[in-house]
2 protein chains.
Amino acid sequence: MKQYSQMNKDELNALKGELDGAFAKYKEAGRKLNMTRGVPSDEQLALCNELITCLSGEDYKAANGTDCRNYGGLDGIPEMKKIFADLLELTTDEVIVCGNSSLALMFDNVSVNVSHGVRDGKPWQSQGQVKFLCPSPGYDRHFTICNYFHIDMIPIPMGEDGPDMNEVERLVASDPMIKGIWCVPKFSNPTGIVYSEETVKRFAKLKPAAEDFRIYWDNAYAFHDLDGKQTSIPNIIRLCEEYGNPNMVYVFTSFSKVSFAGASVTCMASSKSNCDYIRKRLTAQTIGPDKLNQLRHARFFKDAKNVMAHMEKHAEILRPKFKLVSDTLNRELGGLGIAQWTEPKGGYFVSFDSLKGLAKRIVALCAEAGVALTPAGATYPNGNDPDDKNIRIAPTCPPLGELKDALDIFCVAVKLASAEKFLAS
Amino acid sequence: MKQYSQMNKDELNALKGELDGAFAKYKEAGRKLNMTRGVPSDEQLALCNELITCLSGEDYKAANGTDCRNYGGLDGIPEMKKIFADLLELTTDEVIVCGNSSLALMFDNVSVNVSHGVRDGKPWQSQGQVKFLCPSPGYDRHFTICNYFHIDMIPIPMGEDGPDMNEVERLVASDPMIKGIWCVPKFSNPTGIVYSEETVKRFAKLKPAAEDFRIYWDNAYAFHDLDGKQTSIPNIIRLCEEYGNPNMVYVFTSFSKVSFAGASVTCMASSKSNCDYIRKRLTAQTIGPDKLNQLRHARFFKDAKNVMAHMEKHAEILRPKFKLVSDTLNRELGGLGIAQWTEPKGGYFVSFDSLKGLAKRIVALCAEAGVALTPAGATYPNGNDPDDKNIRIAPTCPPLGELKDALDIFCVAVKLASAEKFLAS
């Protein structure tokens, strides 16, 4: 196992010859493999099939007597509020339970702050060019929301413990046009890291120049541990309260990867006071979420403890896939000095860094051989990875056999692109 | 039966004495009756209980192979697109099938035009003070959306055939800041009138000063005939095409009062070109609607014809209620010269006009006697009924017995307020 940087031209040429041969065979095979998005597998979805049938035709009343078939109840049925409140260690008046898409909640929340201001304050749009901090690599759909609302994005480096908090503190304190930051605090998309206690505390203690600065805390993988432990992060809402910033954070979470990504329930959480503002807006905006689907979820999951038990079943399915990624990358690329990657203990992704300038090439090579990956750069604001090195690997959806094939092709593509790079230098 | 205006003071005093007595008894009885909103009754909801259970745990695939449990499919499953397209006499690429609330679709659609402009044109908000035409009496929640977005509302008188089209044409042609109009073309809320063919054609032929003027065609009662006929109105999207305004109209409709108000599917429809713009926005906005609930609706209703057959069952339940309203008002108030009301052939409301200046008083009297009505004025922009005479009667939800009691109280309140008025004059 020789590092590529230690090889001479002859060795590199010989290596490239071998890799070209292997790659040609993969191309001929004409595979169609997909590792683009964080999508649950059939096997995971089947864990909840009972959710489809768990209501009888006479079971439509929520605990407070609400007929879930009829109008009424803008912020969720009591049973689902209780489950989310327990999961997030909050009170039921600090949560609002909604429909299928937590992305829609985030979009809406940004939209209203742009057009109407935070808590009836001055609309962001009438204050000048709004900026968001974007810990990167991060979730492309957060960046898409910023793009949609013409919000400038400032990338913040991600470390082992979360975003570079020195940088976050410095920027937030100095620039009143910085109005928000996107965070995926647990099993971050795509790096899989978990914010440390210290990081979460530093978020809660922020002293923003803008009084209408808000933390968008997308706890999308709040319950998505892989290793049988239940990693806990500090309660950001309580900490914000404690440090005198009671209304600074909006928390989002979702059952998209707990029950069904196509028929889920989602949750916004914040201070009661913030939730009251949101509830007021909802009266203008909607006649309410699908309450029967909320009731279905309440009947199927029963309580927060059962949700966590259910997540262990997901973990059982996902563990071999993440192990396969780790084993394959270690076996094929370990010690070659051409790549680094994360070994997440939860979430849906592995973050992979190639040598500088190779991510686009690797993704293109994979596409040639029939393996679809998230576009290189997607994990950075405006699709612009300054080092062109980050690739998000999404191993959850393909069956193990397909995942193996995709990873084998991926590793050959990485080696080939790396050999090309050294030969050209 | 003497008109109140023909009575002398003695007669009026005697009458008022009787009415005071009757009213005092109603107050003592301490009833709690609700005619505030257009809400389906238990009996109507029960028509669809099978919808709760119609999917088996293995039935989750749409016609195009989409797994409705998983991500994907932003604009609806093919089966539901087909049903809505057939109901609205459109093609499937002219409809977008969404989640539970069509109000949310309208809110969203206004929001994006305010913030981003129509079809990537200049945002409404950067053009000056936006105005909407508001045929009145109309639907309070439309007006709430305008209020939320600081849109000025210009009331337009409603006639037997729809809004006063001379006024609509004149205003729309002369003022480029008029960007929209709210229409409920069939069984209008609250008057129950149906736009005539001529009215619909004149809408399609409008020559707005603003190229980004849009008709918000809220066809909320598209399938909600009471009399066994299927009243048809011309296809506004086809007519707009024909008259050179292909992108001028957004159509909204909903199954809220077809299946479950609390777990429904809804639909936006427009030119394919407009729908393509909307689909593009949806990719930033949401991971998609609840597809399992769409599949449930597709399985339960099967096709457009069955939807219409199902609506006849609703009509059977609603007919006696609307008949009771009509019979009671005619019996108690007919010939007294103190009120006018509509006798709608569909929809959810009866529109009631008292003598000028009495609507608030009547609603207050009803409240004293335990009958909750929609607040007087709610059917006008900013809650301002210039004549203070319109009251929306919503007879669908209460069981017949309760409706009878509520109407009896209502009629006494109307008579009492009218007698007071003549005595004071």
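Heads up: these notes are all about the structure in this document. Within each chain, residues carry numbers counting from 1 in the order of the written sequence. Naming scheme: in the order in which they are written, chains are lettered from A and ligands are numbered from 1. Local features in this predicted model are restricted to residues of pLDDT 70 or higher, and side-chain atom pairs are both shown and tallied only at a pLDDT of 80 or more, whereas totals for entire chains, interfaces and linings draw on every residue. Calculated side-chain values reflect all of the structure's heavy atoms, with hydrogen atoms and water omitted.

1. Observations regarding the overall build of chain A
Each helix is a run of DSSP H or I of at least 4 residues and each strand a run of E of at least 2, with the numbering of both proceeding from the N terminus. Helix and strand content of chain A: 14 helices and 13 strands. A compact globule built from 425 residues would reach a C-alpha radius of gyration of about 22 Å, and chain A, at 23 Å, matches this within 12%. Referenced to the eigenvectors of the C-alpha coordinate spread, the extents of chain A come out at roughly 75 × 55 × 35 Å. Should any heavy atoms of two residues lie within 4.5 Å, those residues are counted as being in contact. Sequence separation of 24 or more characterises 77% of the internal contacts of chain A that already satisfy a separation of 6 or more. Using a 1.4 Å probe, accessible areas were evaluated by the Shrake-Rupley method; residue-level cover was limited to the displayed protein chains. Surface summary for chain A: the accessible area is close to 15700 Å², and the carbon and sulfur share equals 50%. Two residue types count as positive, namely Lys and Arg, and two as negative, namely Asp and Glu; His and chain ends fall outside the count. All charge positions are set by atom: Lys at NZ, Arg at CZ, Asp at CG, Glu at CD. Across chain A, 50 positive and 53 negative side-chain charges occur, with their mean positions spaced 2 Å apart. Our radius of gyration looks at C-alpha atoms and nothing else; its globule reference is 2.2 Å times the residue count to the power 0.38.

2. Here we look at the sheet that holds strand E4 (residues 152–159) of chain B
Residue and element names in this part refer to chain B. Strands pair, by our definition, only if DSSP identifies at least two bridges between them. One open sheet holds the eight strands; their spatial order is E2-E9-E8-E7-E6-E3-E4-E5, and the pairing between them is mixed. With partners counted over all chains shown, the strands left at the sheet margins are strand E2 (95–98) and strand E5 (162–163), one partner each. Strand direction decides the pairing type here: E4 and E5, joined by two bridges, are antiparallel. Looking across to E5, one finds that Gly159 is bridged to Gly162. For every element, the axis is a line fit to its C-alpha atoms; helices are fit only across the contacting stretch, and the angle between N-to-C directions ranges from 0 to 180 degrees. On top of the sheet, helix H6 (residues 140–148) reaches strand E3 (131–136), E4, strand E6 (178–183) and strand E7 (214–218); it is set at about 160° to E3, its chief contact. Lying over the sheet, helix H10 (residues 272–285) contacts E2, strand E8 (249–254) and strand E9 (266–269), oriented at roughly 35° with respect to E2.

3. Some points on the sheet that holds strand E3 (residues 131–136) of chain A
All names here are of chain A. If you trace the eight strands from one edge of the open sheet to the other, you get E2-E9-E8-E7-E6-E3-E4-E5, paired in mixed fashion. Pairing within the sheet leaves two strands with one partner each, and these edge strands are strand E2 (95–98) and strand E5 (162–163). Of the pairings in the sheet, the one linking strand E7 (residues 214–218) to strand E8 (residues 249–254) comprises four bridges and is parallel in character. Opposite Ile215, over in E8, you have Val249 as the bridge partner. Here helix H4 (residues 78–88) sits on the sheet and contacts E2, E8 and strand E9 (266–269); the angle it forms with E2, its principal contact strand, is near 125°. Seen against the sheet, helix H7 (residues 165–174) touches E3, strand E4 (152–159), E5 and strand E6 (178–183) and runs at an angle of roughly 150° to E4.

4. Some points on the pattern of salt bridges
Salt bridges are counted wherever a side-chain nitrogen of Lys or Arg sits within 4 Å of a carboxyl oxygen of Asp or Glu. Under the defined criterion, the tally for this structure stands at 62 salt bridges over all chains. Across the pair Asp225 of chain A and Lys186 of chain A runs a salt bridge, and its minimum N-O distance is 3.3 Å. Pair noted here: Asp225 of chain A is in the loop between E7 and helix H9 (236–242) and Lys186 of chain A is in the loop between E6 and helix H8 (197–204), with a separation of 39 residues, a long-range link. A salt bridge links Asp276 of chain B to Lys272 of chain B; the shortest N-O distance between them is 2.8 Å. With Asp276 of chain B and Lys272 of chain B both in helix H10 and four residues apart, the pair spans about one turn of that helix. One salt-bridge network, held together by shared partners, links Asp75, Lys81, Lys272, Asp276 and Arg279 of chain A.

5. Let's talk about the relation of the copies chain A and chain B
Only residues with pLDDT of at least 70 in both copies contribute their C-alpha atoms to the least-squares superposition of the copies. Each copy superposes on the other: chain A lies on chain B with an RMSD of 0.0 Å after a rotation of 180° and an axial shift of 0.0 Å. One copy is carried onto the other by what is essentially a two-fold rotation axis. If distances are taken from each C-alpha of chain A to the rotation axis, the shortest is found for Thr53 of chain A, at 3.1 Å.

6. Observations concerning the side chain of Ser351 of chain A
All names here are of chain A. In this fold, Ser351 is placed in strand E11 (residues 350–354). By the criterion applied in these results, polar contacts are pairs of N or O atoms within 3.5 Å in which, for protein atoms, one can donate a hydrogen and the other can accept it, and in which residues neighboring in sequence qualify only through two side-chain atoms. Of the polar contacts made by the side chain of Ser351, one reaches the side chain of Asn390; its length is 2.9 Å. Beyond its immediate sequence surroundings of up to four residues, Ser351 is in contact with Pro137, Pro190, Thr191, Gln340, Trp341, Thr342, Asn390 and Ile391.

7. A few points about helix H7 (residues 165–174) of chain B
Residues and elements named next belong to chain B. Buried, partly exposed and exposed residues are distinguished by accessible area as a fraction of the type maximum, computed with a 1.4 Å probe on protein chains only: under 20%, between the cut-offs, and over 50%, respectively. Here H7 has its buried residues at Met165, Val168, Leu171 and Val172. Axial view of H7: buried residues confined to an arc of 135°, hence all on one face. Here the buried face of H7 lies against E3, E4, E5, E6 and helix H8 (197–204). The N-cap of H7, judged by a side-chain oxygen 3.1 Å from the amide nitrogen of Asn166 a few residues on, is Asp164. Directions pointing from the helix axis toward each C-beta atom define the arc.

8. Remarks on the packing of aromatic side chains
Paired rings are identified among Phe, Tyr and Trp, the last through its six-membered ring, by centres lying within 6.5 Å, and are further divided according to the angle between planes into stacked (under 30 degrees), edge-to-face (over 60) and tilted (the rest). Per the stated rule, a full pass over the model turns up 42 aromatic pairs over all chains. Arranged with centres 5.2 Å apart and planes meeting at 50°, the rings of Phe107 of chain B and Tyr148 of chain B form a pair that is tilted. With Phe107 of chain B in helix H5 (residues 102–116) and Tyr148 of chain B in helix H6, this residue pair connects regions lying 41 residues apart in the sequence. Here Phe107 of chain B matches Tyr148 of chain B in class, with each residue buried. A connected cluster of aromatic rings, assembled from ring pairs, spans Trp124, Phe132, Trp182, Tyr216, Tyr250 and Phe252 of chain A. Only when the NZ of Lys or the CZ of Arg is both within 6 Å of the ring centre and within 35 degrees of the ring normal is a charge said to sit over the ring. The side chain of Lys257 of chain A reaches across the aromatic face of Tyr348 of chain A, ending 5.2 Å from its centre. Sitting over the ring of Tyr60 of chain B, Arg69 of chain B keeps its end group 3.4 Å from the ring centre.

9. Concerning unusual backbone geometry
Residue and element names in this part refer to chain A. Cis geometry marks the peptide bond from Asn189 to Pro190; its omega dihedral reads 10°. Structurally, Pro190 can be placed in the loop between E6 and H8. Its identity is not glycine, yet Glu89 carries a phi of approximately 55°, on the positive side. Relative to the assigned elements, Glu89 resides in the loop between H4 and E2. Located in the positive-phi region is Lys302, a residue other than glycine, with phi close to 65°. Secondary-structure assignment places Lys302 in the loop between helix H11 (291–301) and helix H12 (304–333).

10. Observations concerning the packing of helix H10 (residues 272–285) of chain A against H6 of chain B
Direction vectors running N to C along H10 of chain A and H6 of chain B enclose 125°, while the axes themselves pass 8 Å from each other. Comparing the axis directions of H10 of chain A and H6 of chain B gives the class oblique. Residues Arg281, Thr283 and Ala284 of chain A of H10 of chain A touch H6 of chain B, and the partners they reach there are Arg141, Thr144, Ile145 and Tyr148 of chain B. In terms of residue class, the contact of H10 of chain A with H6 of chain B is made up of three nonpolar, two polar and two charged. In this scheme, roughly parallel covers angles under 35 degrees and roughly antiparallel covers those over 145, while 65 to 115 is roughly perpendicular and the rest are oblique. Only Asp, Glu, Lys and Arg are considered charged, only Ala, Val, Leu, Ile, Met, Phe, Trp, Tyr, Cys and Pro nonpolar, and every remaining residue, Gly among them, polar.

11. So, the side chain of Thr286 of chain B
By the element assignment, Thr286 of chain B lies in the loop between H10 and helix H11 (291–301). Judged by relative accessible area, Thr286 of chain B falls into the buried class, the value being 11%. Excluding its chain neighbours within four sequence positions, the residues that come into contact with Thr286 of chain B are Ser101, Leu103, Ala104 and Arg141 of chain A together with Leu74 of chain B.

12. Topic: the interface of chain A and chain B
Contact residues are listed per partner, giving 53 residues for chain A and 53 residues for chain B. For any pair of parts, buried area is found by adding up, for both, the accessible area (1.4 Å probe) each one loses once the two are put together. Note on chain A versus chain B: buried area summed over both sides is about 4400 Å², and carbon and sulfur give 54% of it. For chain A, the biggest contributors to the area lost against chain B are Ile52, Arg69 and Tyr71 of chain A; these three give 16% of the whole. Taken together, the connections running from chain A to chain B amount to zero salt bridges. At the boundary of chain A with chain B, the tally comes to 33 residue pairs in polar contact (both at pLDDT 80 or more). No other element matches the seven residues that helix H5 (residues 102–116) of chain A contributes to the side of chain A that touches chain B. In the side of chain A that touches chain B, the residues fall into 23 nonpolar, 20 polar and ten charged.

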